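Residues per chain, in single letters:
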Amino acid sequence: MKNIQKPWFIIVLLFAVLAGVELFTCYQAGVTFEKKLRDFNNELSSKSNEPNSIKLTDLEIERGLFSSKATAKINIFTMASTNVYSFPISVQTTQGLMPNLSVLRANWTMGVPSDPELQQIFLKLNDTQPLSGNLQFNISGELTLSETKIAPAHGKISVDSEDLSFDWDGANVRIENANFYDNGGGSIKINSHFEPIKLASSTQGSAIQIGALDIGQKTTGFVSSNNSEINLHLGKSEFTFSNLELNLTNVDLKANIKSRLDEVLNNKNVSGLDKKSVFIDLQTFQISLGQPTGNINATGRFDLPLLSTQDQSQPFVILEKYSQQSVIDLNLSGSKILIQQFLGENFLSQYVNSVEPNGDVTITINFKQGHLTVNGQQIL
């Protein structure tokens, strides 16, 4: 009989241990949350009311075992430091170990500012909660995920007696950390998505539509030596003014950026650079235009050594050192009108010998080792 009961005793004991660990984790997460928030408040409070500074006031924290909440006001001092814009903020947390190894998750929301003029603008844009987001902390108290949402805004506002209509469906910025980037290395991954923005003027007859924008960035390594990959895509955008109409069907950019800012050990030199410098590999830069029609494409490599203080004061030294290690290939193709708008009629007559039957013009610009060549003609 005792042998039959023993497995149940072990199972109950195991569950008791796990429950104890979970309760301790919940308690410790709440303690850490309160401590970090108060430390942050003390750090901001130690600063005077300087221009462009931020302070936290009216902080109240209610800490519980499984959840906590906090409220405060964020005060933003303007350039003159005489005006203060105050935004209420509230934070709600849940505590406890989850399968993704997070021990604390926080949801925060920023409210409408107390300033009457700003308040009217926010209300006219139907924007009563301009910012909100989520935070996630791991078992060691490090922030591993930050997600910020910018609320949609739709409405009309007046600027200098001009009525402007604004239409936007919001944005989302997500940042994922793997260890602290400035302490022992790690990685940061940033993904941002911005919905299309429409801005129109009823009196001037102008309108701007900026297409959906997606930006991705992943950085690995250390502050002293890192490697970043950046991707950007901008959807269809239109700009209409009294004397200009520009239509972009898409914009794409892809680049790899390596930097080495200090002398580092080989096992920490993630960039692979053998000297203090910044290296940019522009793999894709493409602009496609619908009106006027055409394309702009560019690729290039830029090796930018960190110059001494003496070199930085001499512009010709900077140009010489940078140009010797840079390569740019720029190709413009499209209607003659497009090329004229970018480069001018004099440039066309001097460096472009022929125009295609359909009126298209192609220009290739190369920059290598300090020499600039346009359609095979060296001009520098």
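Going by the structure above, here's the rest.
Right, let's walk through the structure included here. (Residues numbered from 1 in each chain as written. Predicted model: local features only at pLDDT ≥ 70, side-chain atom pairs only at ≥ 80, totals over all residues. Heavy atoms only, no water.)

What to know about the nonpolar core
Alright, step 1. In terms of nonpolar packing, the biggest core is built from 21 residues, with F33, L37, I61, A70, V91 and L104 touching the most fellow members.
Alright, step 2. Looking at this core, the elements with two or more residues in it are α1 (2–45), β1 (54–63), β2 (67–77), β3 (84–95) and β4 (102–110).
Alright, step 3. Looking at this core, the element that brings in the most residues is β4, giving 5 residues.
Alright, step 4. Apart from the residues within four sequence positions on either side, V91 is in contact with F33, S68, K69, A70, A106, N107 and W108.
Alright, step 5. Membership of the second largest hydrophobic core comes to 18 residues, among which are L234, L338, Y351 and I363. (Core = buried A, V, L, I, M, F, W, Y, C linked by side-chain atoms within 4.5 Å. Buried < 20%, exposed > 50% of the residue type's maximum accessible area, 1.4 Å probe, protein only. Helix = DSSP H or I, 4+ residues; strand = E, 2+ residues; numbered from the N terminus. Contact = heavy atoms within 4.5 Å.)

Quick word on the pattern of salt bridges
Alright, step 1. Here the structure, examined in full by the defined rule, presents 11 salt bridges.
Alright, step 2. For R38, the salt bridge goes to E34, with nearest N and O atoms at 3.1 Å. Taken as a pair, R38 and E34 lie in helix α1 at a separation of 4 residues, close to a single helical turn.
Alright, step 3. With relative accessibility at 18%, the residue E34 sits in the buried group.
Alright, step 4. Residue K35 is joined to D39 by a salt bridge in which the shortest nitrogen-to-oxygen separation is 2.8 Å. With a gap of 4 residues between them, K35 and D39 both fall in helix α1, about one helical turn apart.
Alright, step 5. The exposure class of K35 is exposed, given its relative accessible area of 54%.
Alright, step 6. Since its relative accessible area comes to 36%, D39 is described here as partly exposed. (Salt bridge = Lys/Arg side-chain N within 4 Å of Asp/Glu carboxyl O.)

Here's the deal with the layout of surface pockets
Space left empty within the atom packing is revealed by a probe, the size of a water molecule, rolled over the atoms.
Alright, step 1. In this structure, the largest pocket spans a volume of roughly 1000 Å³.
Alright, step 2. Along the wall of the largest pocket there are 36 residues; nearest its centre are L37, F40, L135, F137 and L143.
Alright, step 3. Listing elements by their share of the lining of the largest pocket, those giving two or more residues are α1, β1, β2, β3, β4, β5 (131–138) and β6 (143–150).
Alright, step 4. Tallying contributions element by element places α1 first for the lining of the largest pocket, with 10 residues. (1 Å grid on protein atoms, 1.4 Å probe; cavity = no way out; pocket = protein on both sides within 12 Å on 5 of 7 lines; lining within 4 Å. Points joined across faces, edges and corners; volume = space filled by probe spheres on them.)

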